[in-house]
Structure formats: C-alpha cells, structure tokens
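# Geometric and topological summary
Now for the letters of each chain:
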Amino acid sequence: MATAVVTGGTDGIGRGLAEEYLRRGFEVLVVGRDGRKGAAFERAGERARFIGADLSGVAENRHLVEWISQRYPVLDVLVLGARYHRQTRLLTADGFESNFALFYLSRFLLSHGLVGPLSRAEHPVVLNFGGAGQTGPVRWNDLQLERDYHGVGAMGHAGRLNDLLGVDFVGAYADNGIRYVLNHPGVVVTSFAGEYDPVTAAQVDQLRVIGKPVASAVAQILPFLDPPGREGLTAVLEGRRVPLEPKARYLDDARRLHDLTVDLLARFDHRTARFRRG
Ligand SMILES: NC(=O)c1ccc[n+]([C@@H]2O[C@H](COP(=O)([O-])OP(=O)(O)OC[C@H]3O[C@@H](n4cnc5c(N)ncnc54)[C@H](OP(=O)(O)O)[C@@H]3O)[C@@H](O)[C@H]2O)c1
C-alpha cells in the first residue's frame, strides 16, 4: 500500500491533501500537535493515522524520521505543511527563532532524513510549501531575524529558505528519482494557525473573505504531484509552473544555506552533548 506523510496534515491545505490521498487508497500519516484534530482525522478509517509531534524541536523531527523509517521502508509522498505565525519573535527550547525552526529547519531535517524510504518508492515526491520565488532575498547576516522581526515577513523569509532547500535537495539526490515540488498556493482559507495582534487579525479576516477554498488549492497542486513527472524540481504558483531565476544565484545560495544549516546543527548537537555531560 502506498504511504503519504503530511506535516500540518491536521488542518488547512495539509488536511485537504491528506484526505485526498486517503480517498486514493494510501495509508496517510498526519503530523501535528492537536490530539483532537488528530483523532478526528483518524476517524476516517484505519488507513488514517495521526502522530503527535511539535516539529519546532530538532529532537522531535529526528525522532519522527526514525519512527517513520522503522515502520515504513517505502514512502511515496512527503508533504511539508506545518507552520505557525508569531507576531513577536520567539526562541524555541532549542534556542532557534520559531519560524526558522518550524517552517525551515524541520523541513530540512525531514526532507534529508527521509531520503532512504522515499528513494525506495516507484514515483516519490516531496511537496514543500515554499515561496516559489515570490518572496524577498535571504537575510544572510540575520537568518534568524534578530533585527526588525515582523511576523508575516518571517514567514516569507522562511518561504525563501525552503525554495533554497528544494534547489539543494534535488542537486544532492539527483540520482534518487525523488521529485521536489515547491508550492505557493496564493491566499487560501485555512486555520491560519498562529497568534495575531488586532491589526494583523483584521487583515487575516480579510484574507478569509478573498481567499480560495482548500479544495481549490488542493486541485491546483495535485497535477504537479502525480506521476509521471520527470523534472527534479518544480516551482508552482497557484497552479502555474514558475521559473526560479536567476538559476546560478539560486544554486549558489542553496549550497550556502545548506552549509550554514549543517554547521548550525553541528553546533547545536555539540552544545546539547556538552549540556548532557554536565
Ligand atoms: N493559507 C494560505 O493562505 C497560505 C498562503 C501561502 C502559503 N501557505 C502555506 O501552506 C502551508 C499550509 O498552510 P495552511 O494555511 O493550510 O495551514 P494552517 O491551516 O495554518 O495549519 C497549520 C498546520 O501546522 C500544524 N502545526 C502548527 N505548529 C506546529 C508545530 N509546532 N508542530 C507540528 N505541527 C504544527 C498545525 O497542526 P496542529 O494544529 O495539530 O498543531 C496545522 O495542521 C504552510 O506552509 C503555509 O505557509 C498558506
């Protein structure tokens, strides 16, 4: 039986995709924090499963990778959709800026960590909700937004980091047959998970009026996920394929971000190990 893992699958577009894969006969694991939403999803049948995890923590992501890899040697679809808006800058227990941790680092750990099971599938695909080239440049000297933090801007910045993650991923695993799709769905009426000040909450209310339904967002992205698909990387904006230009800059930036992330994780592991030794 084919398997799909959907982070952020307890709500919004992730939930819509999870239900679609259930209809297609997949075993579907949704990952989120809210046990009630998870239980509601599981009521859809025995192929519907919920895993509770806070993906803003490095250890939880690694644990999830291990858990999935042990139980599902073959993984057909990985959807990376968990996000949480924060009005003010917050550090996670690991010491990372929260958007950086959940919206980027988690997706880095899951993408790379699940290459083994994905490589064994016939037509593996990863869907990551990045910026699809629509967001501004990377703040290289301030990746975790210590200066001038802005909640909406922080999400856009993480979108850009995910574009670079996609570019780097397909370069690193060109021979593994894993397609990587970056999707900017446009404005979609979802739970808009997060904490908002009154002004931003009013703007979100407006988005609820003008946004498209989840079903439309799902219908726009599905054709790019379904096999056959030859390209390693596809960027999609509201159902249209868009180029990531300039290519050379994306490649350089993707490698740079990869190296910085590996270095950051190595320093995090070193700190954690020293703390454990006392
Ligand atoms: N909606 C839009 O207009 C829009 C526009 C552009 C891009 N996107 C992108 O599309 C993707 C899906 O967005 P959406 O609007 O459909 O989502 P959403 O309705 O806001 O739901 C967010 C999901 O993330 C999960 N989540 C939040 N914090 C988490 C944590 N710490 N650990 C694990 N899971 C966590 C939530 O699960 P629990 O509640 O169970 O914790 C929920 O399932 C996101 O990447 C978003 O950036 C959306």
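Conventions we followed
All residue numbers refer to positions counted from 1 along the written sequence of the respective chain. Residues qualify for local features only when their pLDDT is at least 70, as the model is predicted, and side-chain atom pairs are given and counted only at 80 or more; totals for whole chains, interfaces and linings, by contrast, use all residues. Neither water nor hydrogens contribute to the side-chain values; these are computed over all heavy atoms in the structure. Exposed residues in this analysis have more than 50% of their type's maximum accessible area, buried residues have under 20%, and partly exposed residues fall in between, with area computed by a 1.4 Å probe over protein chains only. Elements are defined by DSSP. Helices are runs of H or I of four residues or more, strands are runs of E of two residues or more, and each kind is numbered from the N terminus. Between any two strands, pairing holds if DSSP finds at least two bridges. Seen with the strands pointing away from the viewer, any crossover whose path from the first strand over the helix to the second strand runs clockwise is right-handed. Patches in this entry comprise residues that are over 30% relatively accessible and not in a salt bridge; like charges within 9 Å are linked, as are nonpolar side chains (Val, Leu, Ile, Met, Phe, Trp, Tyr) within 5 Å. Values of accessible area rely on a 1.4 Å probe in the Shrake-Rupley scheme; residue burial ignores everything except the protein chains shown. Salt bridge criterion: a side-chain nitrogen from Lys or Arg within 4 Å of a carboxyl oxygen from Asp or Glu. In these notes, residues near a molecule or strand are those with any non-hydrogen atom within 4 Å of it. For the purposes of these results, a polar contact is taken to be a pair of N or O atoms within 3.5 Å, where, inside protein, one atom must be able to donate a hydrogen and its partner to accept one; residues adjacent in sequence count only when each atom of the pair is a side-chain atom. In this count, Pro and Cys sit with the nonpolar residues alongside Ala, Val, Leu, Ile, Met, Phe, Trp and Tyr, while Asp, Glu, Lys and Arg are called charged and the others, Gly among them, polar. Only the six-membered ring of Trp is used, alongside the rings of Phe and Tyr, when aromatic pairs are assigned; centres must lie within 6.5 Å, and planes under 30 degrees apart are stacked while those over 60 apart are edge-to-face, with the rest tilted. Whether a charge lies above a ring is judged from NZ of Lys or CZ of Arg, which has to be within 6 Å of the ring centre and within 35 degrees of the ring normal. Whether two residues are in contact is decided by their heavy atoms: any pair within 4.5 Å suffices. Residues grouped as a nonpolar core are buried Ala, Val, Leu, Ile, Met, Phe, Trp, Tyr and Cys residues, joined through side-chain atoms within 4.5 Å. Here an axis means a line fitted to C-alpha atoms, over the contact stretch when the element is a helix, while the angle between two N-to-C directions is reported on a 0 to 180 degree scale. An angle counts as roughly parallel when it lies under 35 degrees, as roughly antiparallel when it exceeds 145, as roughly perpendicular when it falls between 65 and 115, and as oblique in every other case. Note on convention: near helix rotated counterclockwise from far helix by under a right angle means a left-handed crossing. Clockwise means right-handed.

### Some thoughts on the pairing of strand β1 (residues 3–7)
Burial analysis of β1 places five of its five residues in the buried class, the great majority of the element. Of the two faces of β1, the one carrying T3, V5 and T7 and the one carrying A4 and V6 are both buried. Here five bridges tie β1 to strand β2 (residues 27–32), and the two strands are oriented parallel to one another. Looking across to β2, one finds that V6 is bridged to V30. Running through helix α1 (residues 12–23), the crossover from β1 to the neighbouring parallel element β2 is right-handed. Bridge count between β1 and strand β4 (residues 77–80): four bridges; the pairing is parallel. By the bridge assignment for β4, V6 is matched with V79.

### Focus on a nonpolar patch on the surface
A cluster of nonpolar residues, V187, V209 and I210, forms a patch on the protein surface that exposes about 290 Å² of accessible area. Its place among the elements puts V187 in the loop between β7 (179–184) and β8 (194–195).

### Section: the environment of D269
When you line up the elements, D269 lands in helix α9 (residues 247–277). Along the sequence, D269 and V58 sit 211 residues apart, while their C-alpha atoms lie 9.6 Å from each other.

### Concerning the site of the ligand
Taken together, the neighbourhood of the ligand is formed by 29 residues, with T10, I13, K37, R83 and T190 sitting nearest. Contact distances for the ligand include 3.3 Å between an oxygen atom and a backbone N or O atom of D11. Taking A193, its main chain carries an N or O atom lying 2.8 Å from an oxygen atom of the ligand. Coverage of the ligand by the protein chains reaches 94% of its 900 Å² of free accessible surface. Every element with two or more residues in the shell around the ligand is listed here: α1 and α4 (98–113). Among the elements that take part in the shell around the ligand, α4 stands out by supplying three residues, more than any other. Here the shell around the ligand is composed, by residue class, of 13 nonpolar, nine polar and seven charged.

### Notes on the packing of aromatic side chains
Tallying each qualifying case throughout the model produces eight aromatic pairs. Between the aromatic rings of F169 and Y173, the centroid separation amounts to 4.7 Å while the plane-to-plane angle is 55°, which identifies the pairing as tilted. Among the aromatic side chains, those forming a connected cluster through ring pairs are F96, F100, Y104, F108 and F268. Over the face of the ring belonging to Y84 we find R33, whose NZ or CZ atom lies 5.1 Å from the ring centre. The side chain of R256 reaches across the aromatic face of W140, ending 4.2 Å from its centre.

### A short note on the environment of R208
For R208, the location among the structural elements is in helix α7 (residues 198–210). Setting aside chain neighbours within four positions, we find R208 in contact with V189, T190, S191 and F192.

### Considering the nonpolar core
Counting 53 residues, the largest nonpolar core has L55, L78, F96, F100 and Y180 as its most contacted members. With residues near it in sequence (within four places) discarded, F96 still touches V58, L90, L91, A101, L105, Q144, L264 and F268. Formed by 28 residues, the second largest nonpolar core is a distinct cluster that contains A4, V77, L127 and L222.

### Overview of the packing of α1 against helix α8 (residues 214–225)
Relative to each other, α1 and α8 sit at 60°, their axes nearing to 9 Å. Viewed along their axes, α1 and α8 adopt a mutual orientation that is oblique. α8 is crossed by α1, and the crossing has right-handed handedness. For the pair α1 and α8, contact is made by G12, I13, G16, L17, E20 and Y21 and by V214, A217, V218, I221, L222 and L225, respectively. Class assignment for the residues of the contact of α1 with α8 results in nine nonpolar, two polar and one charged.

### Focus on the sheet that holds strand β10 (residues 240–241)
Across the sheet, eight strands lie side by side as β3-β2-β1-β4-β6-β7-β9-β10; this open sheet has mixed pairing. On the outer flanks of this sheet lie β3 (48–52) and β10, each paired with one strand and no other. Sheet topology places β4 next to strand β6 (residues 125–128); four bridges connect them, and they run parallel. Within β6, the residue paired with V79 across the bridge is L127. Strands in contact with helix α2 (residues 35–42) are β2 and β3; relative to β3, the strand with the most contacts, it is inclined by about 165°. Where helix α3 (residues 58–71) meets the sheet, it contacts β1, β2 and β3, and its direction lies at approximately 150° from that of β3.

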